[in-house]
Amino acid sequence: MTAATHSHVMDTYTRLPIALSHGQGCRVWDTTGKSYLDAIGGIAVNTLGHNHPDFVAALREQLGRLVHCSNYYQVPLQEELAQRLATLSGMEQAFFCSTGLEANEAALKLARKYGHDRGIDRPEIVVYEKSFHGRSIATLSATGNPKIQAGFEPLVEGFVRVPPDDIDALRIATAKNPNIVAVLLEPIQGEGGVRPMDDAYLRAVRALCDDQGWLWMVDEIQCGMGRTGKWFAHQWAGVVPDVMTLAKGLGSGVPVGAMVVGKKACGILRPGNHGTTFGGNPLAMRAGVETLRILERDGLLDNVARVGDHLRGGLTAALAEELHSGAVRAIRGRGLLLGIELAYPCGVLWKQCAEQGLLLSVTAETVIRLAPPLVLTCAEADEIVRILVPQVRDFLRASATSAAA
Ligand SMILES: *Cc1c(COP(=O)(O)O)cnc(C)c1O
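By the naming in an unreviewed UniProt entry, the protein goes by Acetylornithine aminotransferase and is assigned to Candidatus Symbiobacter mobilis CR. In UniProt, the protein has this text filed under Subunit (unreviewed entry): "Homodimer." In the Subcellular location (unreviewed entry) part of its UniProt record, the protein is described as follows: "Cytoplasm".

In structure tokens form, the structure reads like this:
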């Protein structure tokens, strides 16, 4: 690897010394020919895996037809994707953008406008500890991670922060505050360490938002798009939000973001209030439409539930002793978004597993995150367990020894 100081690419990421060249399904190859099982899918992005034949054919066809035309014109593919998202979510309308932070930025603007329309001049939005909503100035201000905020102050004001899964804390933090307009949460906190919120908590927040006239906004950028075995993670709780943000898996690797809104949030953003040049371009919309079409046609939500259970069961059985001793604190998540929390910071496993031919990530310092393509098979899940578990055991043994020394 060339030293970062000699690169013309700005040094904003910690990278492995690997350059991926091509992929097929859940397998990728680097430029030296070494193969890897992909258990992270570009951070929950490659929904259909790599080089999916129908996805590739559709995008090729679209490239030869129309890539971009701006939002000066009607874009029928936007209508098609918005209609599919509305049907799957039980919501009404979609605004399209290209990334996750843009979807959240749109939601924050919508919530503020909702407040202003009701005569609230300084609207405030409830956000959570350990949350992640992006790295723009507004979304990093909403994010519950001081490390992401450090050096970028002053932060955007108008946020009230609460701990997750604690309805009393939410009530107390918002009591007698007439400026609250919305609650924004991730049904499963992704970057925060794959931490699902209780279904009962989600229902309680929905009810509180209804009582108070607040918007309930869910960030499903990481946990949505079928990853948990339902279209959207909040659907496990049997509730419907007022605003939902999507990105990552929506375009199977093509940048597509969306803010989906229910009735209560329709008609708030008007022509001239918001927009983005690339948002909803025909290539991106085709990627979204084809992703949904193939997910549905191939019954991939059922695959997620089945293979997710198989993977979780395999990990739980193989790490039973470590779970019992507390060296593995927990195995969490839903479907194919799983976190394995260890008792020690385990960032080194990212590199060590890659050397063994397994791509994953480590988040929140102590949590191994698995977010493979939704086409993962049980045999591939077994392979993840077979490579990962010995690495975890070696790591835990070495950590225990050095902690005792
Ligand atoms: C990744 C992520 C974002 C930010 O998305 P970008 O496309 O990187 O801007 C926001 N929220 C959640 C929950 C995410 O996982």
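From this point, the discussion proceeds with the structure in view.
Trainee: Could you clarify how one ought to interpret the sheet that holds strand β15 (residues 358-359) in this entry?
Mentor: Each strand in a sheet pairs with its neighbour through backbone hydrogen bonds, running either in the same direction (parallel) or in the opposite one (antiparallel). Reading across the sheet, the four strands line up as β1-β2-β3-β15 and stay open at both edges, with mixed pairing between neighbours. With one partner strand each, in any of the chains shown, β1 (20-24) and β15 form the two edges of the open sheet. The pairing of strand β2 (residues 27-30) with strand β3 (residues 35-38) spans three bridges and is classified as antiparallel. When the bridges of β3 are listed, V28 appears paired with Y36.

Trainee: I tried to follow the site of the ligand on my own but got confused; where do I start?
Mentor: Surrounding the ligand, one finds T99, G100, L101, N104, F132, H133, G134, E186, D219, I221, Q222 and K248. G100 is positioned such that a nitrogen or oxygen atom in its backbone is 2.8 Å from an oxygen atom of the ligand. L101 places a main-chain nitrogen or oxygen 2.8 Å from an oxygen atom of the ligand. For the ligand, whose unbound accessible area comes to 390 Å², protein coverage reaches 82%. Counting residues per element, the shell around the ligand draws most heavily on helix α4 (residues 100-117), at three residues. Split into classes, the residues belonging to the shell around the ligand amount to three nonpolar, six polar and three charged.

Trainee: What exactly am I supposed to notice about empty space enclosed by the protein here?
Mentor: The method is simple in principle: a probe with the dimensions of a water molecule rolls over the atoms, and the space it marks as empty is what remains. Applying the stated rule across the entire model yields two cavities of 30 Å³ or more. The computed volume of the largest cavity comes to approximately 40 Å³. Partitioning the lining of the largest cavity into residue classes produces six nonpolar, no polar and two charged. As a volume, the second largest cavity reaches approximately 30 Å³. For the second largest cavity, the full set of lining residues is A44, T47, I221, Q222, G224, M225, R227 and G249. Of the residues belonging to the lining of the second largest cavity, the class tally is three nonpolar, four polar and one charged.

Trainee: Help me out: how do you make sense of the domain arrangement of the protein in this one?
Mentor: Note on interface size: it is often stated as the accessible area lost on association of the parts. Here the domain parsing of the protein yields domain 1 (20-52 + 299-404) and domain 2 (66-297). Domain 1 and domain 2 are separated by 27 Å when their C-alpha centres are compared. Each partner contributes residues to the interface: domain 1 has 30 residues there, and domain 2 has 29 residues. The largest per-residue losses of area from domain 1 upon contact with domain 2 belong to L301, R334 and L337, which jointly make up 28% of the total buried on that side. Applying the counting rule to domain 1 against domain 2 returns three salt bridges. For R334, the salt bridge is made with D199, and the minimal N-O distance between the two is 3.2 Å. Inspection of the region where domain 1 meets domain 2 yields 16 residue pairs in polar contact (both at pLDDT 80 or more). Secondary structure elements with two or more residues in the side of domain 1 that touches domain 2: α1 (41-44), α10 (300-318), β13 (328-334), β14 (337-342) and β17 (367-370).

Trainee: Just checking my understanding: could you explain the pairing of β14 for this structure?
Mentor: Strand residues, when the strand is regular, have side chains that alternate between the two faces of the sheet. By the criterion of burial, β14 is predominantly enclosed, with six of the six residues buried. Every second residue of β14 is oriented toward a common face, with L337, G339 and E341 on one face and L338, I340 and L342 on the other, all of them buried. As paired strands, β13 and β14 are joined by six bridges and run antiparallel to one another. Pairing of R332 across the sheet is with G339, part of β14. Where β13 folds back on β14, the antiparallel hairpin that results is connected by two residues, among which G335 adopts a positive phi of roughly 60 degrees. When β14 meets β17, the two strands line up antiparallel, connected through four bridges. Paired with L338 across the strands is L370, a residue of β17.

Trainee: Can you help me understand the UniProt feature "modified residue: N6-(pyridoxal phosphate)lysine" (unreviewed entry) in the protein in this one?
Mentor: The UniProt record annotates "modified residue: N6-(pyridoxal phosphate)lysine" (unreviewed entry) at K248. Classification of K248 by relative accessible area gives partly exposed; the value is 23%.

Trainee: Explain the sheet that holds strand β12 (residues 257-261) to me, please; I cannot follow it from the model alone.
Mentor: In space, the seven strands of this open sheet follow the order β4-β12-β11-β10-β7-β5-β6, with mixed pairing throughout. The open sheet has two edge strands with one neighbour each: β4 (93-97) and β6 (159-162). Sheet twist, expressed as the mean angle between neighbouring strand axes with direction ignored, is 20 degrees. As judged from the four bridges shared by strand β5 (residues 124-128) and β6, these two strands associate in the parallel manner. Paired with I125 across the strands is F159, a residue of β6.

Parameters and conventions
- Residues numbered from 1 in each chain as written.
- Predicted model: local features only at pLDDT ≥ 70, side-chain atom pairs only at ≥ 80, totals over all residues.
- Heavy atoms only, no water.
- UniProt positions renumbered as here; feature names shortened; annotations may be inferred.
- Pairing = 2+ DSSP bridges.
- Helix = DSSP H or I, 4+ residues; strand = E, 2+ residues; numbered from the N terminus.
- Near = heavy atom within 4 Å.
- Polar contact = N/O pair within 3.5 Å; in protein donor to acceptor, adjacent residues only side chain to side chain.
- Areas by Shrake-Rupley, 256 points an atom, 1.4 Å probe, with all protein chains shown as cover.
- Nonpolar A, V, L, I, M, F, W, Y, C, P; charged D, E, K, R; others polar.
- 1 Å grid on protein atoms, 1.4 Å probe; cavity = no way out; pocket = protein on both sides within 12 Å on 5 of 7 lines; lining within 4 Å.
- Points joined across faces, edges and corners; volume = space filled by probe spheres on them.
- Domains from an automatic or database assignment.
- Contact = heavy atoms within 4.5 Å.
- Buried area = accessible area lost by both parts, 1.4 Å probe.
- Salt bridge = Lys/Arg side-chain N within 4 Å of Asp/Glu carboxyl O.
- Buried < 20%, exposed > 50% of the residue type's maximum accessible area, 1.4 Å probe, protein only.
- Axes fitted to C-alpha atoms, helices over the stretch in contact; angles between N-to-C directions.

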